[in-house]
Amino acid sequence: MKKSTIVILGLIMSCSFIGLLSLQVRYIEEIVSMRHEQFDESVKRSLYNAAHKLELYETMRYIEKDVAEAEIADQISKHEGGIVTHQYDYKSDGKVSSFEMRTIIMPKRHTPQEKNIPETSRSLQDIVRSRYVHQRALMDEVIYKILYTASNQPLEKRINFRALDRDLQAELLHNGIDIPYHFTISTSDGREIYRCADYETEGEDQSYSQILFSNDPPSKMGILKIHFPTMNSYIYSSVRFMIPALFF
């Protein structure tokens, strides 16, 4: 075989090797990029769900407290003489607002000669409609009280940090992320109010943020920041099987 032919074959083989290597590197980059995007979406979805649960827990806690107070007042009123009308007082911003919950007394049952069925049906509908409007106004006032009272509390008193940590872990596991994480919670002006016990700064430059109580005024919001020290190794673990191929 001529020397020129060997040189040409060597060049062709070299170009083929370089082309295959470039394709493999490009393929690995695409896998890593896709894996990173999936990781970002999973973390953001987990943070959003955890923050949403935090608001739900707070609302449920205030509703349970309000119902308990109403039940106590109801028992007291019954003990004092079986009063039908109950009065509840709520203080907000130094002012006292009150509302009454009245039991709806059904009208006296009439005989067919006194009132026909269509008229009775319309009367019942009017009573139900009136009761619905009244109860809706009461619920609006209760919800306003809950929102006003909750937003006036310091951020550190509104958050159960252990419950939030538990929800974060559950949401991350639900979205397929089972690696260590560290998080902090700070106010909107940057004042840190909580840091997890085993906090590490490694990977802190690649953190994710989520606003807490996003429907509150900006000064009452919180910021949850979370980072994963082993995030890079977790993402690149999906392409480890390609490393032997590159060496080969």
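Here, every reference points to the structure presented above.
Draft legend 1. Representation of the nonpolar core in the model. Counting residues in each nonpolar core, the largest one holds 34 residues, and the members touching the most others are F39, I159, F183, I185, I226 and F228. The element that contributes the greatest number of residues to this core is helix 1 (residues 3-79), accounting for nine residues. Aside from chain neighbours lying at most four places away, what touches F39 is I177, I179, Y208, F228, M231 and Y234.

Draft legend 2. A look at the pattern of salt bridges. This model, assessed by the stated rule, comprises six salt bridges. In this structure, R26 and E29 form a salt bridge, with 3.7 Å as the shortest nitrogen-oxygen distance. With R26 and E29 both in helix 1 and three residues apart, the pair spans about one turn of that helix. For E29, a relative accessible area of 44% corresponds to the partly exposed category. Note that K53 and E171 form a salt bridge whose closest N and O atoms lie 3.0 Å from each other. A residue pair is termed long-range when its members are at least 10 positions apart, and K53 in helix 1 and E171 in helix 4 (residues 161-174) qualify at 118 residues. Residue classification places K53 among the partly exposed positions, given a relative accessible area of 27%. Taking the relative accessible area as the measure of exposure, E171 reaches 8% and is therefore buried.

Draft legend 3. Quick peek at the environment of E156. Along the chain, E156 turns up in helix 3 (residues 155-158). Since its relative accessible area comes to 35%, E156 is described here as partly exposed. Separated by 36 residues in the primary sequence, E156 and E192 place their C-alpha atoms 9.9 Å from one another. Once residues lying within four places of it in the same chain are set aside, the contact partners of E156 are F161, R191 and I193.

Draft legend 4. Quick peek at the packing of aromatic side chains. Using the criterion set out here, one finds eight aromatic pairs in the structure. Their ring planes at 35° and their centres at 5.6 Å tell us that F183 and Y194 sit as a pair that is tilted. Placement of the pair is F183 in strand 3 (residues 182-187) and Y194 in strand 4 (residues 192-195), with a sequence separation of 11 residues. With relative accessibility at 1%, the residue F183 sits in the buried group. Accessibility expressed as a relative area gives 23% for Y194, which makes it partly exposed. Ring geometry for Y208 and F228: centres 6.2 Å apart, planes at 70°, overall edge-to-face. Of the two residues, Y208 is situated in strand 5 (residues 208-212) and F228 in the loop between strand 6 (222-227) and helix 5 (231-236); the sequence distance between them amounts to 20 residues. For Y208, a relative accessible area of 9% translates into the label buried. Chaining the aromatic ring pairs together yields one cluster made of F39, F161, Y181, F183, Y194, Y208, F228 and Y234. Its guanidinium or amino end placed over the ring of F213, R158 lies 3.9 Å from that ring's centre, counting from NZ or CZ.

Parameters at a glance
Residues numbered from 1 in each chain as written. Predicted model: local features only at pLDDT ≥ 70, side-chain atom pairs only at ≥ 80, totals over all residues. Heavy atoms only, no water. Core = buried A, V, L, I, M, F, W, Y, C linked by side-chain atoms within 4.5 Å. Buried < 20%, exposed > 50% of the residue type's maximum accessible area, 1.4 Å probe, protein only. Helix = DSSP H or I, 4+ residues; strand = E, 2+ residues; numbered from the N terminus. Contact = heavy atoms within 4.5 Å. Salt bridge = Lys/Arg side-chain N within 4 Å of Asp/Glu carboxyl O. Phe/Tyr/Trp six-rings, centres within 6.5 Å; stacked < 30°, edge-to-face > 60°. Lys NZ or Arg CZ within 6 Å of the ring centre and 35° of its normal.

The analysis is restricted to geometry; functional conclusions fall outside its scope.
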